[in-house]
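# Residue-level structural notes
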Amino acid sequence: MAVRFKHSKQSLSLSSEYVNKFIKTQINLSKPTPKLWSDHDDAESFDPYDNTVHILTLSHPILRILDSSSPKLRQFNQVHAQLIVSGIFQHPLAAGRVMMKLCSSQPTFPRAVKIFQHLENPDAFVCNTIMKRYVNFDDPEKALVFYSDQMVKNGIFQNHYTFPILVKACADLGRVKEGEKIHAHIVKCGFELDLYTRNVLIHMYSVCCRIHDARKVFDLSSDSDLVTWNTMIDGYVKNGEVNLARCVFDVMPEKDVFSWNSMLSGYVGIGDMEAANLLFREIPLRDTVSWNCLLDGYARTGNVVAACALFEQMYYRDVVSWTTLMALYVRLKDYTGCLGLFDIMMQGRDIQPNEAILMSVLTACGHLGRLDRGKWIHSYIRYSGRIKPDMLLSTALLTMYAKCGEMDLAKEVFAGMPERSVVSWNSMIMGYGTHGHGEKALETFLEMEKSGVMPNGATFICVLSACTHSGMVLEGWWYFNVMSRVYRIEPKVEHYGCMIDLLGRAGLMRDSEDLIKNMPMDSGPALWGALLSACKTHSNLELGEIIAKRLLERDPEDIGSYVLLSNIYAAQERWDDVEKVRKMMVVSGIRKEAGSSLVQFANSDMWSFPENVSVHKRIILCSMLSEMGAQIKCRSER
């Protein structure tokens, strides 16, 4: 029975254009599949199910293109397609080259892990490549997981390149127990005497503070290269065994600059600068690391004279050299010297400042009140495009603004920080408190609590100091109580000092005295001195005399007690007693040094002393002070 379909009236009429497109499609489909290589190239295809032996070499056109292409997914996808079409993707050589290409770049590395799941017969080379990239890309945890989940479970045999990668992963993670398990596998597989494996095991045991086990591995064989000796010396140095490191150093068959520098850093680490200096002179060929290591030793011991002399002798100074010396100046509170050294470095234009240098300079600017220099550093950070402000640098910047009184700029830097540490919050509280903005300081502390950042002892010193500068006695008592009751922070001498200063400024000397007597630790002369200063401020002669005599009995050479007692007598016009105090100072051989002030003229700093200031500068200063006094007097009369 024949069935005939009737065309509807709305049947599709094939246009000439549609027919042409259909013909072109058929022509394209009849063409052969495009290839990346010429038909004349001798290329063998690989069939994983064919038992015939096929030879594949690196001269294969697709492998040549794979090796020469850039590690980008778009280009790799094209080559990958050709590998699959040609049937050689499952060949061990092709799979290995694919893994090497994908593992050479961090963006393409996840694709390598995905492709690994589709390999039918992965070998140790492919697994080693992936695990090595995990370690190099700072993810050693995944390297160990890959080893247990892929190699061990799938029965892939390890080779002598596998275990060093795993041992290094354990060293990076500090997991000595897992390292010992892998060491046991190494012994079972017979790779314990492999030189590269021994070197990595020595390193692993050294960084995990198992230096004696490292020495056992070192003594396994006399077949040691320079890396073996250097690793053992470096391990001894890192574990504080400098004498044992020197014993190994002395019997080394040959030494390179790393050997000398490791030994030099050992002496610097224990502070034996005499031995370090002798060893430095014996180094046959010193590099920049050698110079910087000795410079760091002088900086650690605070020997600025020797550090500067060595710095001048250096034929080449890198950024580490400048960083070390500037940090030394800041630590010794020679802030002017730090800024001067920074100017010299910038004039040379050979070294670009890093974050550590800028932190030292900002610290110096904050202590010297050099707001202009601090703003210049801020502009340099903003427009250089090379410095990425981290939490430490941003904190140093806002601290500089806070110490210079520019709290609006400090707040701007603080608001722009993506992450804030407790030091950042402390700097803001300190800045507001120092400049008399007690309310804002306490508001900042409340914001800190809401943000979830846990305050520390330094935070409450800043809070109590803010209350002191603003005369907020009730608030000071409250936070002094909150510190121990809520946050379980035991008050230290500094906290008691802030409270005594707060009570003393408010005229509550008896309360200050009771607080000092009830302290759980030794009060020390500083707290009694603060109370004595309060007695002078509020003309409390009776209590002042008692405290001053107690301080003089405790420390007869403390000039501050003499001066405060003399001022108390002078405020009561007891001139005979003032003369007695001065005679006591003469008998004790105590002389008060002249006061000094840091005055900034244009772009230069000058320490002003009464006996060494030039006449014309004295006239300028007196004129300015006289004019300021007249203006203050006029405003007060209004």
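It should be emphasised that the depicted structure is a prediction, and the values quoted were computed from it without experimental measurement.

Once that is clear, we can look at the UniProt feature "repeat: PPR" (unreviewed entry) in the protein chain. In the UniProt entry, the feature "repeat: PPR" (unreviewed entry) is given for residues 123–158, 159–193, 225–259, 287–321 and 421–455. Secondary structure over residues 225–259 splits into 71% helix and 0% strand, and the C-alpha atoms at its two ends are 12 Å apart. In residues 287–321, the share of helix is 74% and the share of strand is 0%. The end C-alpha atoms are 12 Å apart.

Locating V98 in the fold gives a position in helix α4 (residues 92–103). Excluding its chain neighbours within four sequence positions, the residues that come into contact with V98 are L66, F76, L83 and I115.

Unlike most non-glycine residues, D138 shows phi in positive territory, near 60°. Mapping D138 onto the fold places it in the loop between α6 (124–136) and α7 (140–152). Residue classification places D138 among the exposed residues on the basis of a relative accessible area of 70%. Non-glycine residue K333 carries a positive phi angle of around 65°. Relative to the assigned elements, K333 resides in the loop between α18 (319–331) and α19 (335–348). The exposure class assigned to K333 is exposed, which follows from its relative accessible area of 61%.

Tracing the chain through its elements places S421 in the loop between α23 (407–415) and α24 (422–434). Measuring from C-alpha to C-alpha, the distance between S421 and M448 comes to 9.9 Å, with 27 residues separating the pair along the chain. In this structure S421 touches M391 and T395, once residues within four positions along its chain are discounted.

This next bit is on the packing of aromatic side chains. Scanning the entire structure with this criterion turns up 18 aromatic pairs. Between W477 and F480, the aromatic rings sit 6.3 Å apart at their centres with planes inclined by 85°, giving edge-to-face as the arrangement. Of the two residues, W477 and F480 are both situated in helix α27 (residues 473–485); the distance of three residues between them amounts to about one turn of the helix. Taking the relative accessible area as the measure of exposure, W477 reaches 35% and is therefore partly exposed. Across from the ring centre of F249, 4.9 Å away, lies the NZ or CZ of K255, which sits over that ring. The lysine or arginine in question, R485, covers the ring of W478, its NZ or CZ lying 5.6 Å from the ring centre.

What follows covers the layout of surface pockets. Of the pockets and cavities examined, the largest pocket occupies roughly 450 Å³. In terms of lining residues, the largest pocket is bounded by 17 residues, among which N128, K132, Y161, I165 and Y196 are the most central. Listing elements by their share of the lining of the largest pocket, those giving two or more residues are α6, α8 (162–173) and α10 (195–207). In terms of residue count, α6 provides more of the lining of the largest pocket than any other element does, seven residues in total. Class assignment of the residues belonging to the lining of the largest pocket gives a composition of eight nonpolar, six polar and three charged.

We now examine empty space enclosed by the protein. One pass over the structure, following the stated rule, counts one cavity of 30 Å³ or more. What lines the largest cavity is simply Q90, P92, A95, L119, N121, P122, D123 and V126. For the lining of the largest cavity, the class distribution of residues is five nonpolar, two polar and one charged.

Moving on, we come to the pattern of salt bridges. All chains considered together, the criterion is met by 15 salt bridges. Between D139 and K142 there is a salt bridge, with the nearest N and O atoms lying 3.7 Å from each other. Using a relative accessible area of 24% as the deciding quantity, one classes D139 as partly exposed. E178 is the partner of R175 in a salt bridge, and the nearest nitrogen-oxygen pair spans 3.2 Å. Given the relative accessible area of 29%, R175 is considered partly exposed. Given the relative accessible area of 30%, E178 is considered partly exposed. The network of salt bridges with common partners includes E180, R210, D213 and K216.

A few words on helix α11 (residues 211–218). Restricting attention to buried positions, one finds in α11 the residues I211, D213, A214, V217 and F218. Looking straight down α11, one finds its buried side chains confined to an arc of 155°; they lie on one side. In α11, those exposed residues whose orientation departs by more than 90 degrees from the buried face are H212 and K216. Those residues of α11 hidden inside the fold are in contact with α9 (176–189), α10 and α12 (226–238).

It is worth spelling out the side chain of N426 at this point. Inspection of the secondary structure puts N426 in helix α24. Beyond its immediate stretch of four places on either side in the chain, N426 contacts M448, N456, A458, T459 and C462.

With that settled, consider helix α13 (residues 242–250). Inspection of α13 places V242, A245, V248 and F249 among the buried residues, and these make up the whole buried set. One side of α13 holds all its buried residues, which, seen down the axis, span an arc of 115°. Along α13, the residues that are exposed and aim more than 90 degrees away from the buried face are N243 and C247. Packing partners of the buried residues in α13 comprise α11, α12, α14 (257–269) and α15 (273–282).

Cut-offs applied
Residues numbered from 1 in each chain as written. Predicted model: local features only at pLDDT ≥ 70, side-chain atom pairs only at ≥ 80, totals over all residues. Heavy atoms only, no water. UniProt positions renumbered as here; feature names shortened; annotations may be inferred. Helix = DSSP H or I, 4+ residues; strand = E, 2+ residues; numbered from the N terminus. Contact = heavy atoms within 4.5 Å. Buried < 20%, exposed > 50% of the residue type's maximum accessible area, 1.4 Å probe, protein only. Phe/Tyr/Trp six-rings, centres within 6.5 Å; stacked < 30°, edge-to-face > 60°. Lys NZ or Arg CZ within 6 Å of the ring centre and 35° of its normal. 1 Å grid on protein atoms, 1.4 Å probe; cavity = no way out; pocket = protein on both sides within 12 Å on 5 of 7 lines; lining within 4 Å. Points joined across faces, edges and corners; volume = space filled by probe spheres on them. Nonpolar A, V, L, I, M, F, W, Y, C, P; charged D, E, K, R; others polar. Salt bridge = Lys/Arg side-chain N within 4 Å of Asp/Glu carboxyl O. Arc of directions from axis to C-beta.

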